[in-house]
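# Secondary and tertiary structure notes
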Amino acid sequence: MSKPRPPQESRPPPRDEKQLHDFLEGERALLELRCCEPKTLSVLIHDLAHPMSPSLEQAIARSLASRELADFAPAISLLPVMMRRFGLDPVACSRDPAIHSLRTVCSACPKVATCWLALRHDAPREECREFCLNAESLEKSLLPPQND
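Every value quoted in this text rests on a predicted model; they were computed, and no experiment measured them. (Residues numbered from 1 in each chain as written. Predicted model: local features only at pLDDT ≥ 70, side-chain atom pairs only at ≥ 80, totals over all residues. Heavy atoms only, no water.)

## As for the overall build of the protein
Across its full length, the protein carries 10 helices and zero strands. Starting at the N terminus and walking to the C terminus, you meet the elements of the protein as α-α-α-α-α-α-α-α-α-α. Restricting to contacts in the protein with at least 6 residues of sequence separation, those with at least 24 account for 73%. Accessible surface, the protein as shown: approximately 10,300 Å² in total, 56% of it carbon and sulfur. (Helix = DSSP H or I, 4+ residues; strand = E, 2+ residues; numbered from the N terminus. Contact = heavy atoms within 4.5 Å. Areas by Shrake-Rupley, 256 points an atom, 1.4 Å probe, with all protein chains shown as cover.)

Rendered as structure tokens:
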């Protein structure tokens, strides 16, 4: 027979265990939403101001980065918010033919997860400028037309 182990002192889990726990918690919540509550998941993803746990937020960001959430359209959900971040009115800009180019770039952007997280956390324009592929075009739109 083996001897019983002496009781061990309670200690916090190593940082790696906490990270693993958070990762699994977020993935589990995302899986449940995808399978059981897809409409709720859609609301959570598209409403950038809706509060959510950091673990779920990170799981959604990972899924956006890998394009696993096919019904998410960055040009619809993120571009209008980014336009406002750059001081533009999305409704007024919707009549500009250049909007198609902005939408195309946004829809194919490899930084969709970064953008989604940044806009959820109200990142300033300067921070958005660092990753947004449309930043230069959006800033040019801020400039008044030049008279030659």
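## Structural notes on the nonpolar core
Residues I60, M82 and W116 are the most contacted members of the largest nonpolar core, which totals 39 residues. Elements with a contribution of two residues or more to this core: helix 1 (15-36), helix 2 (38-46), helix 3 (54-65), helix 5 (79-85), helix 7 (99-107), helix 8 (112-120), helix 9 (125-131) and helix 10 (135-142). The element that contributes the greatest number of residues to this core is helix 8, accounting for seven residues. Setting aside residues up to four positions removed in sequence, I60 forms contacts with L30, L41, I45, M52, L69 and W116. (Core = buried A, V, L, I, M, F, W, Y, C linked by side-chain atoms within 4.5 Å. Buried < 20%, exposed > 50% of the residue type's maximum accessible area, 1.4 Å probe, protein only.)

## Examining unusual backbone geometry
Even without being glycine, R67 reaches a positive phi, approximately 60°. Position of R67 relative to the elements: it lies in the loop between helix 3 and helix 4 (74-77). Accessibility expressed as a relative area gives 38% for R67, which makes it partly exposed. At D122, a position not held by glycine, the phi torsion is positive, near 55°. Position of D122 among the secondary structure elements: in the loop between helix 8 and helix 9. For D122, a relative accessible area of 59% puts it in the exposed group.

## Focus on the packing of aromatic side chains
One pass over the structure, following the stated rule, counts zero aromatic pairs. Above the plane of the ring of W116 lies R120, whose end atom (NZ or CZ) is 5.2 Å from the centre. (Phe/Tyr/Trp six-rings, centres within 6.5 Å; stacked < 30°, edge-to-face > 60°. Lys NZ or Arg CZ within 6 Å of the ring centre and 35° of its normal.)

## Considering helix 3
Relative to the 16 Å expected for 12 residues at 1.5 Å per residue, helix 3 spans 16 Å between its end C-alpha atoms, a close match to the ideal helical length. For helix 3, every residue scored as buried is listed here: S55, L56, E57, A59, I60, A61, S63 and L64. (Expected span 1.5 Å × (residues − 1).)

## Here we look at the pattern of salt bridges
Evaluation of the coordinates by the stated rule reveals seven salt bridges. With a shortest N-O distance of 3.9 Å, D122 and R85 are connected by a salt bridge. Within this pair, whereas D122 is found in the loop between helix 8 and helix 9, its partner R85 is found in helix 5, the two being separated by 37 residues in sequence. Two residues, E136 and K140, come together in a salt bridge whose shortest N-O distance is 3.4 Å. (Salt bridge = Lys/Arg side-chain N within 4 Å of Asp/Glu carboxyl O.)

## Let's talk about the state of the cysteines
For the structure shown, the criterion picks out zero disulfides. Cysteine C36 is unpaired, with the sulfur of C35 as its nearest cysteine sulfur at 5.8 Å. Here C36 falls in the exposed class, since its relative accessible area comes to 57%. Lacking any disulfide linkage, C115 is separated from the closest cysteine sulfur, that of C132, by 6.1 Å. (Disulfide = S-S within 2.5 Å.)

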